[in-house]
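Each chain is listed here by its residues.
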Amino acid sequence: MIAIEDVSKRYADGTVAVDRLSLQIPDRSITVLVGPSGCGKTTTLRMINRMIEPSSGTIRVDGEDVRSRPVNTLRRSMGYVIQNAGLFQHRTVLDNIATVPRLLGWSKQRARERAAELMERVGLDPAMARRYPYQLSGGQQQRVGVARALAADPPILLMDEPFSAVDPVVRRGLQEELLRIQGELGKAIVFVTHDMDEAITIGDRIAVLRTGGRLAQFAAPDEILSS
Ligand code: ADP
Ligand code: ADP
């Protein structure tokens, strides 16, 4: 469980990106942060893994303040997926995915086996293993990004507009794949999007943010639809 408690972020130039946000993000569910561009979604996500420090307030994971753990330990417990996947361009698909297990000290052989298993899990043809990111479609790259984020089997997955750059049909497939993976693995997923349709499709809980970084609503999709 991630608890965001009365968190605000004011950037150095005075911009208030997040304004007294409180949210409880349960385990084994997909919580979506949705709202227009600039409403503080990315800032909130990055405060969870401490790429950005809050100006005030506290974020806890399983009751423990995220500031109490070394940042590397914290980030190992959180997979991170971004738009355009952010893949290592000079590494093959297999090596992109195997990088994290290797950093954790796994043998090359075991890391590669793990990578192959993850490729299967996210629906990537084994023949893609030796390709480089530029030889893949946008949707395939996103699958690699998801596989890489899952590689260390983190309990938490942070996803920032992961499917926004692909066309609607591929996007739909990726959403379904994510729901399937979530059904099997049961992570705590925090998913950022500006697209309310996407939020309603994949979210168990939806946090609607408005410009200025305030929480407008935090509810299940059916409540959002009927409001
Ligand atoms: P995305 O829209 O994909 O989340 P970014 O995370 O790079 O893109 O930026 C999000 C918003 O924050 C954008 O509106 C961008 O202009 C703004 N932004 C990013 N960095 C800065 C900065 N250093 N100063 C002011 N605004 C910034
Ligand atoms: P979203 O992800 O919802 O598009 P962001 O969290 O990226 O929103 O940005 C929230 C607000 O903070 C925006 O007004 C953005 O321009 C501003 N912002 C983001 N990064 C910075 C930064 N490094 N310095 C100043 N302002 C920033």
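Identification of the protein as ABC-type quaternary amine transporter from Streptomyces triticiradicis is taken from an unreviewed UniProt entry. What the UniProt record of the protein gives under Sequence similarities (unreviewed entry) is the line "Belongs to the ABC transporter superfamily."

Caption draft 1: Structural view of the confidence of the model for the protein. Chain-level pLDDT for the protein is 93 on average; 100% of the residues reach the 70-or-more range. This complex was scored by the predictor with a pTM of 0.86 and an ipTM of 0.73.

Caption draft 2: Molecular detail of unusual backbone geometry. Even without glycine at this site, Asp-6 takes up a positive phi of about 55°. Mapped onto the elements of the fold, Asp-6 is located in strand 1 (residues 2-10). With a phi close to 50°, Asp-62 is a non-glycine residue in the positive phi region. Position of Asp-62 among the secondary structure elements: in the loop between strand 4 (56-61) and strand 5 (64-65).

Caption draft 3: Expanded view of the nonpolar core. Membership of the largest hydrophobic core comes to 40 residues, with the highest contact counts inside it found for Ile-97, Met-119, Val-146, Met-159, Phe-163, Leu-178 and Phe-191. Looking at which element gives the most residues to this core, the answer is helix 5 (residues 138-150), with 5 residues. Those residues in contact with Phe-191, other than ones at most four positions away along the chain, are Ile-30, Thr-31, Val-32, Leu-33, Met-159, Pro-162, Phe-163, Leu-178, Glu-198 and Ile-202. Membership of the second largest hydrophobic core comes to 26 residues, among which are Leu-33, Ile-156, Ala-207 and Leu-209.

The rules behind each value
- Residues numbered from 1 in each chain as written.
- Chains lettered and ligands numbered in written order.
- Predicted model: local features only at pLDDT ≥ 70, side-chain atom pairs only at ≥ 80, totals over all residues.
- Heavy atoms only, no water.
- UniProt positions renumbered as here; feature names shortened; annotations may be inferred.
- pLDDT = per-residue confidence, 0-100.
- Helix = DSSP H or I, 4+ residues; strand = E, 2+ residues; numbered from the N terminus.
- Core = buried A, V, L, I, M, F, W, Y, C linked by side-chain atoms within 4.5 Å.
- Buried < 20%, exposed > 50% of the residue type's maximum accessible area, 1.4 Å probe, protein only.
- Contact = heavy atoms within 4.5 Å.

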